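Chains, contacts and geometry: an overview
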Amino acid sequence: MAKKLAVIGAGLMGSGIAQVSAQAGWDVVLRDVTDEALRRGTDGIRASYDKFVSKGKLAADEAERALGRITTTTDLDAAADADVVVEAVFEKIEVKREIFATLDELVKDDTVLASNTSAIPITKIAAATRRPERVVGTHFFSPVPMMGLCELVRGHKTSDETLAAAREFAEGVGKTCIVVNRDVAGFVTTRLISALVVEAAKLYESGVATAEDIDTACKLGFGHAMGPLATADLTGVDILLHATDNIYTESQDEKFAPPESMRRMVDAGDIGRKSGEGFYRY
């Protein structure tokens, strides 16, 4: 019998997680608060499958079967019989804690409750439940169908069994996992990219080098596929500002204090590709 996955949040990350999971044989229920958000999410999944089919990476009938395994709902109760729940909503601790407290009342005793957060400590989210040992971080990367990494994060009370189940799920949908054994804000990857983006933004702000030259240095000097400022524009300057703020608040480590110019960019709405302008113009 196919296992059931509930994905909470049908944005870019949630729909991507639903897409790879359905393709791997999971029955997926995708939940968001509005029908419009669900429609956008499923349209994105369909378009992505079509692209894989046109490139010969996925058979058309496989794509249809995968789509048929995804149902959508605005009702959180639909997660009640899920084996794994992945929360992929906005990076706000209050929102996540509210969702996890509700899920705690709904789901089976042995359900794995996972968060796709990139910067909020798992322990803080797990504390909203009466089963912190069943809560784990599964930090996927965007775009989920293309990116091979999943960062598994052990909260203060996450059990070995829960971590193993999360690994089995993530590897089963085609990801390579790294394990974050200590629940620090930002984990491994967000800390690394945040420190790099903050320093790159400071160099740019103080006129040391252009955005293009800073990114070229990282690509050709360090072999990075994309420079830090182009990465900030792709991810969203607002999202990276939020993540670095979270890490700085938790750690009080100055290297994560975002420069004022990043705050002003967000104030002005220059948040990267999605707005047409960030460190670059699009």
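Structure shown above.
This section reports on the structure supplied with the text. (Residues numbered from 1 in each chain as written. Predicted model: local features only at pLDDT ≥ 70, side-chain atom pairs only at ≥ 80, totals over all residues. Heavy atoms only, no water.)

1. Description of the environment of Gly 236
- For Gly 236, the location among the structural elements is in the loop between helix 9 (228-235) and helix 10 (237-251).
- Of the residues examined, Gly 236 reaches a relative accessible area of 1% and is grouped as buried.
- Aside from chain neighbours lying at most four places away, what touches Gly 236 is Ile 271 and Lys 274. (Helix = DSSP H or I, 4+ residues; strand = E, 2+ residues; numbered from the N terminus. Buried < 20%, exposed > 50% of the residue type's maximum accessible area, 1.4 Å probe, protein only. Contact = heavy atoms within 4.5 Å.)

2. Overview of helix 8 (residues 211-222)
- Taking 1.5 Å per residue as the helical rise, helix 8 with its twelve residues ought to reach 16 Å, and the 16 Å between its terminal C-alpha atoms agrees with that figure.
- The set of residues buried in helix 8 consists of Ala 211, Ile 214, Asp 215 and Cys 218. One side of helix 8 carries all its buried residues, which in axial view fall inside an arc of 95 degrees. Those residues of helix 8 that are exposed and aimed more than 90 degrees away from the buried face are Asp 213, Leu 220 and Gly 221. (Expected span 1.5 Å × (residues − 1). Arc of directions from axis to C-beta.)

3. Describing the nonpolar core
- Core analysis: the largest hydrophobic core is formed by 36 residues, its most contacted members being Leu 5, Val 28, Leu 30, Tyr 49, Phe 140 and Phe 169.
- Per-element tally for this core: the top contributor is helix 1 (residues 12-23), with five residues.
- Once residues lying within four places of it in the same chain are set aside, the contact partners of Leu 30 are Val 7, Gly 9, Ala 10, Gly 14, Ala 18, Leu 38, Ile 45, Ile 70, Thr 71, Thr 72 and Thr 73.
- Ile 8, Val 107, Ile 120 and Val 153 belong to the second-largest nonpolar core, a separate cluster that totals 20 residues. (Core = buried A, V, L, I, M, F, W, Y, C linked by side-chain atoms within 4.5 Å.)

4. Regarding the side chain of Lys 175
- For Lys 175, the position within the fold is in the loop between helix 6 (160-172) and strand 8 (176-180).
- A polar contact of 2.6 Å, which involves the side chain of Lys 175, links it to the backbone oxygen of Val 144.
- Apart from residues lying up to four places away in sequence, Lys 175 is in contact with Val 20, Phe 140, Val 144, Pro 145, Met 147, Gly 148, Leu 149, Cys 150 and Ala 170. (Polar contact = N/O pair within 3.5 Å; in protein donor to acceptor, adjacent residues only side chain to side chain.)

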